[in-house]
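Residue strings, one per chain:
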Amino acid sequence: MLPDAKAFALLALLPMFASAAELDVTVSDARGSPAQDAVVSVRGGNGTPHARPAATRPIDQRNETFIPYVEIFRPGDNVVFRNSDRTRHHVYSFAPAKSFEFVIAPGASAPPVVLDHVGEIAVGCNIHDQMITHLYVSDAPWVAKSDAQGHVVFRDLPAGHYVISVWHPQLRPGHPEAEQAIDVGTVPASTTFTLSLTADPRPDPADKERKHY
Ligand SMILES: [Cu+2]
């Protein structure tokens, strides 16, 4: 009896695996170059991924650069700014989703900041104007950022109808997040996005134009 029962249980599970598929998204700029650090959000479909516990993610400061340039957070996650330089940094945000300000000594870290609201948080340094990083706090069921090839892969998406949206810190003012609807079935699906991006990777986070984002 037992082997039969096992076989039956396996067969019962098969449709669950068969109804999930991979979604492959490629993001490029208007010239066709890969767009790294685009945030790709996927909403809709059937079912949701497993929730994960709140995490703490570091943003480093090294060679007067925030690393990484874009980081994705879930509401409730913490960010910790770490200074790996031999100079002071004065980290600040005026974003509605979270504002803060820290002077961080060489080798020190700021206290954790809980990111409890969805939104994009541009963070600058008051001493080094070229420094900028973007904290993207998202409650989308599936969210990831593009790699150096402008590429994001979502594995095991349940079959269903989804809306994909793509944000990038260098989206030109007046160009909102790009959106596409897509049906994910039992075979891998793929799509591409072309974004209109500004050339400057490190605009001033306090720039008035950027407040429209
Ligand atoms: Cu600095």
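Residues numbered from 1 in each chain as written. Predicted model: local features only at pLDDT ≥ 70, side-chain atom pairs only at ≥ 80, totals over all residues.

1. Digging into the environment of proline 68
Selection rule: Helix and strand labels come from DSSP, where a helix needs a run of H or I of at least four residues and a strand needs a run of E of at least two; each type is numbered from the N terminus. Put plainly, a residue is buried at 20 or more neighbouring C-beta atoms within 10 Å of its own, exposed at 12 or fewer, and partly exposed in between, counting only other residues' C-beta atoms, which are placed from the backbone.
On the secondary structure map, proline 68 appears in the loop between strand 4 (65-67) and strand 5 (70-73). Given 15 C-beta atoms within 10 Å, proline 68 falls into the partly exposed group. Once the C-alpha coordinates of proline 68 and aspartate 37 are considered, the two residues, 31 residues apart in sequence, prove to be 9.2 Å apart.

2. Side note on the sheet that holds strand 13 (residues 151-158)
For clarity, the cut-off: What makes two strands pair is DSSP finding at least two bridges between them. For every element, the axis is a line fit to its C-alpha atoms; helices are fit only across the contacting stretch, and the angle between N-to-C directions ranges from 0 to 180 degrees.
With mixed pairing, three strands are arranged side by side in an open sheet as 13-1-16. Edge positions in the open sheet fall to strand 13 and strand 16 (189-195), since each of these has one partner strand only. Strand-to-strand twist of the sheet, defined as the mean angle between neighbouring strand axes without regard to direction, takes the value 20°. Where strand 1 (residues 20-29) meets strand 13, six bridges bridge the pair, whose relative direction is antiparallel. Residue alanine 20 lies in a different strand from strand 13, and its bridge partner there is proline 158.

3. As for the sheet that holds strand 11 (residues 132-137)
Pairing within the open sheet is mixed, and its five strands lie in the order 5-11-10-7-8. The sheet is open, and its two edges are formed by strand 5 and strand 8 (98-104), each paired on a single side. Mean inter-strand twist for the sheet, computed between neighbouring axes without regard to direction, equals 20°. Direction of pairing for strand 5 relative to strand 11: parallel, over a ladder of four bridges. Across the sheet, phenylalanine 73 pairs through a bridge with valine 137, a residue of strand 11.

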